[in-house]
Amino acid sequence: MEIIEKKLLELQDLQYREFHAKLMPNVDPDRIIGVRTPQLRKLAKEIAGENYSNDFLEELPHRYYEENNLHAALINLKYKEVKGLIEQVERFLPYVDNWATCDMMSPKGFRKNPELVYEKIKQWLKSKETYTVRFGIVTLLGFYLDELFREEMLGLVAEIKSEEYYINMAIAWYFSIALVKQYEKTIPYIQKQRLEKWTHNKAIQKAIESRRVPEERKEYLRTLKVK
């Protein structure tokens with residue numbers, strides 16, 4: 001959409017574009033404008049109430065990487081009713097082609113009906129699409145590791161077998177945070193090596209890097225690395 005492209009281009013930072021393109025090796029650099037995330041989130045808030053933002057959300061696929069990120073940010077802001085929110089997320093997920101756009105979607109509206117969202121997560125985790133699976137994992141990480149946590153969720157993530165880097169990194173990220181928030185339930189998955197070797201070691205590494213893990217636990221986790 002022309003008005004959206006114009007606003008994004010006004011926020012362009014060419015130096016940031018060059019830097020960020022290196023973090024997105026699977027995204028064509030010609031599709032990257034170079035807009036910093038705080039500015040993009042601010043733009044989403046500014047236009048969320050405008051009628052043309054609804055038209056923008058209907059126009060898929062988008063041309064630019066930042067348009068996709070803006071789309072994700074607008075979903076977070078505009079949809080409060082859970083069923084409508086899920087519909088918008090599922091409509092957009094087939095067009096998500098990178099980790100940053102995927103992780104941008106974290107709709108607070110999910111908290112209004114966590115049971116319904118959890119049923120959807122279980123479907124997303126079984127998808128053949130890389131970023132649909134990653135979105136399911138990241139949503140579990142973001143919303144279901146505190147009061148909504150169930151031990152079965154660890155099993156759902158551990159059972160995912162993939163050669164996709166961005167899925168395995170999400171699994172490692174999930175277990176590293178689970179080791180922070182749900183240590184007693186999570187540590188058996190590490191002790192029994194329920195994850196693939198690379199993912200297992202990456203989860204331990206990320207947990208050890210966390211300031212929220214006590215030093216004595218870090219020392220023990222180091223002994224569980226697979227050589």
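Refer to the structure printed above.
Source: prediction; values computed, not measured.

Caption draft 1: Seen up close, the overall build of the protein chain. A tally of regular secondary structure across the protein chain gives 14 helices and 0 strands. Its helices and strands taken in sequence order, the protein chain reads α-α-α-α-α-α-α-α-α-α-α-α-α-α from the N to the C terminus. Relative to the 2.2 N^0.38 estimate, which gives 17 Å for 227 residues, the radius of gyration of the protein chain is 19 Å and therefore close to what a compact globule would have. Overall size of the protein chain, expressed as C-alpha extent along the three principal axes, is 55 × 40 × 30 Å. The buried share among the 227 residues of the protein chain stands at 52%. Within the protein chain, counting contacts between residues at least 6 apart in sequence, those at least 24 apart form 69% of the total. One finds the centroid of the 38 positive side-chain charges in the protein chain at a distance of 6 Å from the centroid of its 35 negative side-chain charges.

Caption draft 2: Examining the nonpolar core more closely. Judged by nonpolar contacts, the single largest core of 73 residues is most densely connected at I137, Y174 and F175. Top element by residues in this core is helix α11 (residues 165-181). It accounts for 11 residues. If we ignore the near neighbours within four places in the chain, the residues touching F175 are L154, V157, A158, T186, Y189, L195 and A203. Formed by 6 residues, the second largest nonpolar core is a distinct cluster that contains M24, I32, Y65 and A100.

Caption draft 3: Focus on helix α6 (residues 82-92). Those residues of α6 that fall on the buried side of the exposure criterion are V82, G84, L85, I86, Q88, V89 and F92. Buried residues belonging to α6 abut α5 (65-78), α7 (99-104), α8 (114-124) and α9 (130-143).

Caption draft 4: Inspection of a positive patch on the surface at higher detail. Among the surface-exposed residues, R41, K45, K80, K108, R111 and K112 lie close enough to one another that they form a single positively charged patch. With respect to the element layout, R111 can be found in the loop between α7 and α8. Exposure remark for R111: the relative accessible area of 46% places this residue in the partly exposed category.

Caption draft 5: Focus on the pattern of salt bridges. What the rule picks out here adds up to 16 salt bridges. Among the salt bridges present, the one from D13 reaches R36, with a minimum N-O distance of 3.4 Å. Here the residue D13 occupies a position in the loop between α1 (2-10) and α2 (14-23), and R36 occupies one in the loop between α2 and α3 (37-47), the gap between them amounting to 23 residues. With relative accessibility at 24%, the residue D13 sits in the partly exposed group. One salt bridge connects E119 with K122, and the closest N-O pair in it is separated by 3.0 Å. Residue E119 and its partner K122 are located together in helix α8, separated by 3 residues, close to a single helical turn. On the accessibility criterion, E119 (39% relative accessible area) is partly exposed.

Each value, and the rule that gives it
Residues numbered from 1 in each chain as written. Predicted model: local features only at pLDDT ≥ 70, side-chain atom pairs only at ≥ 80, totals over all residues. Heavy atoms only, no water. Helix = DSSP H or I, 4+ residues; strand = E, 2+ residues; numbered from the N terminus. Rg over C-alpha atoms; globule rule 2.2 N^0.38 Å. Buried < 20%, exposed > 50% of the residue type's maximum accessible area, 1.4 Å probe, protein only. Contact = heavy atoms within 4.5 Å. Lys, Arg positive; Asp, Glu negative; His and termini not counted. Charge placed at Lys NZ, Arg CZ, Asp CG, Glu CD. Core = buried A, V, L, I, M, F, W, Y, C linked by side-chain atoms within 4.5 Å. Patch = residues over 30% accessible without salt bridge, like charges linked within 9 Å, V, L, I, M, F, W, Y side chains within 5 Å. Areas by Shrake-Rupley, 256 points an atom, 1.4 Å probe, with all protein chains shown as cover. Salt bridge = Lys/Arg side-chain N within 4 Å of Asp/Glu carboxyl O.

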